[in-house]
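# Survey of secondary and tertiary structure
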Amino acid sequence: MDADFAAYIERVRAHRGELRDSVAAVDDALASPIARGGAWRERVRAALAELSHDFQDHVTLTERPGGIYDGVRHGAPRLIAAVDRLTGEHASYADAIGGYLAVLEHGGTIADLPAFREEVTTLMGQLVRHRQAGADLVYEAYEVDLGGSG
């Protein structure tokens, strides 16, 4: 592994930890008492805003020319289907995060807060599995362990 790629992998590893922390912050906000109403909404909104930013950074970092996914496409064609699945998930997850955030930022009415919380909780589980699948892909393509938190 050349020095530039090693430095890039370290950025990916560091960002991976930030993304994990953002997902955990959303989970923590969702777990707070829903009866707090406006305070609950604001805590979830703030956590989703941070997650939205970190997820966009994740997409930019992994999909950039010369990035992990580009390298897999050129160096490990057997894994292209996995890259395509992960990049497809990027679009759907970014849309979902943005949609939930828009409801909270623009004072949208949430008729059923428990159902809203369940939907966002489900999305957080999907993001955890996405991180796991990405780490598996990187290991299979590059024999690099991104680690559980970094």
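Further up the page is the structure itself.
Below is a short write-up of the structure. (Residues numbered from 1 in each chain as written. Predicted model: local features only at pLDDT ≥ 70, side-chain atom pairs only at ≥ 80, totals over all residues. Heavy atoms only, no water.)

### Description of the packing of aromatic side chains
Worth spelling out the cut-off: Each aromatic pair joins two rings of Phe, Tyr and Trp (for Trp, the six-membered one) with centres within 6.5 Å, and gets the label stacked for planes under 30 degrees apart, edge-to-face for over 60, and tilted for any other angle. Under the scheme used here, helices are H or I runs from DSSP no shorter than 4 residues and strands are E runs no shorter than 2 residues, and both carry numbers assigned from the N terminus. For every residue, the accessible area obtained with a 1.4 Å probe (protein chains only) is divided by the maximum for its type, and the residue is called buried under 20%, exposed over 50%, and partly exposed between those limits.
Under the definition given, this model contains five aromatic pairs. Where Trp-40 meets Phe-116, the ring centres are 6.4 Å apart and the plane angle is 75°; that geometry is what we call edge-to-face. Within this pair, whereas Trp-40 is found in helix 2 (residues 38-63), its partner Phe-116 is found in helix 5 (residues 113-142), the two being separated by 76 residues in sequence. Among the residues examined, Phe-116 registers a relative accessible area of 7% and is labelled buried. For the pair Phe-55 and Tyr-93, a centre-to-centre distance of 6.4 Å together with 65° between the ring planes defines the contact as edge-to-face. A residue pair is termed long-range when its members are at least 10 positions apart, and Phe-55 in helix 2 and Tyr-93 in helix 4 (residues 80-105) qualify at 38 residues. Here the two residues Phe-55 and Tyr-93 agree in accessibility, since each one is buried.

### So, the nonpolar core
What counts here: Residues belong to one nonpolar core when they are buried, are Ala, Val, Leu, Ile, Met, Phe, Trp, Tyr or Cys, and are joined through side-chain atoms within 4.5 Å. Note on definitions: a residue-residue contact is assigned when non-hydrogen atoms from the two residues lie within 4.5 Å.
Of all hydrophobic cores here, the largest spans 24 residues; its most connected members are Val-26, Leu-48, Leu-51, Val-120, Met-124 and Leu-127. Mapped by element, the contributors of at least two residues to this core are helix 1 (3-31), helix 2, helix 4 and helix 5. Examining the composition of this core, we find that seven residues originate from one element, helix 2, more than from any other. Apart from the residues within four sequence positions on either side, Leu-51 is in contact with Leu-19, Ser-22, Val-23, Val-26, Ile-97, Met-124 and Leu-127. Core analysis: the next-biggest nonpolar cluster, separate from the first, contains 17 residues, Ile-9, Val-83, Leu-137 and Val-144 among them.

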